[in-house]
Amino acid sequence: YLLKWTEMLKLRDLFWKDNLQTERRCTVENIVIRKIASHEVESAMNLALEVFMQFEAPDYDPSGVESFKRDIVENPEYLENAQQGICPIYGAFDGDKLVALMGMRSCKTHINLVFTKKEYHRKGIAREIFHYLLNDILAENPALDALTLNSSPYGLPSYLALGFTPLSEEQEINGIRFTPMKYIIESEYITEPYMNCKRFNEQYPEIYRFLLKAGECTHNEHFPWGRFDWMQIHTMLEEDKLTKILL
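Once a new chain begins, its residue numbering starts again from 1 and follows that chain's sequence as written. In keeping with the predicted nature of the model, local features appear solely for residues at pLDDT of at least 70, side-chain atom pairs appear and are counted solely at 80 or more, and the whole-chain, interface and lining totals rest on all residues. With hydrogens and water excluded, all non-hydrogen atoms of the structure serve as input to the side-chain values.

Moving on, we come to the overall build of the protein chain. Elements are defined by DSSP. Helices are runs of H or I of four residues or more, strands are runs of E of two residues or more, and each kind is numbered from the N terminus. What the protein chain contains, in helices and strands, is eight helices and 13 strands. Three labels apply to residues, based on accessible area from a 1.4 Å probe with only protein chains included: buried if under 20% of the type maximum, exposed if over 50%, partly exposed otherwise in between. Expressed as a percentage of the 247 residues in the protein chain, the buried residues total 38%. Put simply, of all contacts in the protein chain between residues at least 6 apart along the chain, 59% involve residues at least 24 apart. Here the accessible surface of atoms and residues is derived via Shrake-Rupley with a 1.4 Å probe, and residues count as covered only by protein chains that are part of the display. Total accessible area computed for the protein chain in this model is approximately 15,100 Å², and 53% of it derives from carbon and sulfur atoms. By definition, residues are in contact when any of their heavy atoms lie within 4.5 Å.

Where strand 7 (residues 146-151) meets strand 10 (residues 176-184), six bridges bridge the pair, whose relative direction is antiparallel. What sits directly across from Leu149, in strand 10, is Met181. Pairing between two strands is assigned when DSSP locates at least 2 bridges connecting them. Sheet analysis places strand 8 (residues 165-166) next to strand 10, joined by two bridges and oriented antiparallel. Bridge pairing in strand 10 places Thr165 opposite Lys182. Sheet topology places strand 9 (residues 171-173) next to strand 10; three bridges connect them, and they run antiparallel. Looking across to strand 10, one finds that Glu172 is bridged to Arg177.

The next thing to look at is the pattern of salt bridges. Think of a salt bridge as a Lys or Arg side-chain nitrogen and an Asp or Glu carboxyl oxygen that are within 4 Å of each other. Tallied over the full model, the rule gives six salt bridges. Glu40 is the salt-bridge partner of Arg34, the closest N and O atoms lying 2.8 Å from each other. A salt bridge links Lys108 to Glu140, with the nearest nitrogen and oxygen atoms 3.2 Å apart. You can see Lys108 sitting in the loop between strand 5 (97-104) and strand 6 (110-116) and its partner Glu140 sitting in helix 5 (residues 125-140), a full 32 residues away along the chain.

Here we take up the packing of aromatic side chains. Pairs of aromatic rings are described using the distance from one ring centre to the other and the angle between the two planes. Each Phe, Tyr or Trp ring, with Trp reduced to its six-membered ring, pairs with another whose centre is within 6.5 Å; inter-plane angles below 30 degrees give stacked pairs, above 60 give edge-to-face pairs, and intermediate values give tilted ones. This structure, assessed with the given rule, holds nine aromatic pairs. Centroid distance Phe55 to Tyr154: 5.1 Å. Interplanar angle 35°. Geometry classified as tilted. Taken as a pair, Phe55 in helix 2 (residues 41-56) and Tyr154 in the loop between strand 7 and helix 6 (156-162) lie far apart in primary sequence, 99 residues in all. With relative accessibility at 40%, the residue Tyr154 sits in the partly exposed group. With 5.8 Å between their ring centres and 70° between their planes, Phe68 and Phe115 make a pair best called edge-to-face. On the criterion of sequence distance, the pair formed by Phe68 in helix 3 (residues 62-73) and Phe115 in strand 6 is long-range, its members being 47 residues apart. Here Phe68 matches Phe115 in class, with each residue buried. Aromatic ring contacts, followed pair by pair, group Phe52, Tyr60, Phe68 and Phe115 into a single cluster.

This part takes up the environment of Arg70. Topologically, Arg70 is positioned in helix 3. Aside from chain neighbours lying at most four places away, what touches Arg70 is Asn75 and Asn174.

The length a helix should cover is 1.5 Å for every residue beyond the first. Its 16 residues place the ends of helix 5 23 Å apart at the C-alpha level, agreeing with the 22 Å of an ideal helix rising 1.5 Å per residue. All of the buried residues along helix 5 are Ile125, Glu128, Ile129, Phe130, Tyr132, Leu133, Leu134, Asp136 and Ile137.

Structural elements are reduced to axes, namely lines fitted to C-alpha atoms, with helices fitted over the stretch in contact, and the angle between N-to-C directions of any two is expressed from 0 to 180 degrees. Across the interface, helix 2 lies against helix 3 with an axial gap of 11 Å and an inter-helix angle of 165°. Between helix 2 and helix 3, the angle falls in the class roughly antiparallel. Crossing of helix 2 over helix 3 shows right-handed handedness. Contacts between helix 2 and helix 3 involve Met45, Ala48, Leu49, Phe52 and Met53 on the former and, on the latter, Gly64, Val65, Phe68, Lys69, Ile72 and Val73. By the convention adopted, Pro, Cys, Tyr, Trp, Phe, Met, Ile, Leu, Val and Ala count as nonpolar, Lys, Arg, Asp and Glu as charged, and the other residues, Gly among them, as polar. Residues of the contact of helix 2 with helix 3, tallied by class, amount to nine nonpolar, one polar and one charged. Here the angle decides the label: under 35 degrees means roughly parallel, over 145 means roughly antiparallel, 65 to 115 means roughly perpendicular, and every other value means oblique. In this scheme, a crossing is called left-handed if the near helix is turned counterclockwise away from the far one by less than a right angle; it is called right-handed if the turn is clockwise.

All right, on to the side chain of His110 then. Along the chain, His110 turns up in strand 6. Nitrogen and oxygen atoms within 3.5 Å of one another constitute a polar contact, given that in protein one can donate a hydrogen and the other can accept it, and given that sequence-neighbouring residues count only through two side-chain atoms. Reaching out from His110, the side chain makes a polar contact with the side chain of Thr148 at a distance of 2.8 Å. Residues within four places of His110 in sequence aside, it is in contact with Gly103, Met104, Arg105, Thr148, Leu149 and Asn150.

These figures capture arrangement, not role.
What follows is the structure in structure tokens.
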């Protein structure tokens with residue numbers, strides 16, 4: 001079957017039995033991931049400062065610690081933007097307790113906060129939050145092709161494991177040591193010009209063979225491989241929608 005992307009999202013939400021845009025049950029037992037509410041921003045900043053002082057501050061001189069407080073946890077403008085959702089923050093909750101978070105700047109292309117309480121390290125929670133964040137941001141901006149962040153020395157191995165790549169050597173500004181990093185969002189469904197039309201990418205031969213084989217099955221007589229070609233040349237096909245269609 002050919003399903004529009006929006007219809008596929010509905011099926012996904014039914015499968016998970018949770019609305020991905022509001023809440024997601026983490027693979028770690030009893031952990032729920034969602035955007036934090038405005039009244040939870042203060043708790044998020046307390047967690048961020050607590051974990052920062054434990055694991056990141058030892059790598060910085062005092063000016064770096066003061067920069068973090070000034071720019072983030074004690075910055076009235078940032079706190080207001082976080083409360084209004086302009087700078088979204090995603091949290092992992094164990095019951096009512098916030099145990100990890102990931103925040104973004106207002107541009108929603110740069111991650112500026114990633115903190116997990118000590119007792120919840122090495123459980124894959126940050127990875128789960130990142131996947132939730134990525135899906136949420138792509139739902140709002142499907143054309144987004146990359147995310148960036150500035151990694152602390154302590155966090156570098158974790159970001160490498162998530163798929164981020166360094167953009168340069170380590171830098172230091174205002175006492176903050178960081179490595180600029182980038183995450184490329186791979187497009188699963190790309191198109192390329194073919195005979196002056198937008199056609200499917202290099203997966204075409206594989207899909208063609210699959211449908212040809214499927215057409216030989218008695219239970220699939222209503223969906224032979226020919227329909228794939230027919231769908232592409234149909235006069236009513238909206239070619240600009242091809243990237244939003246799934247097979």
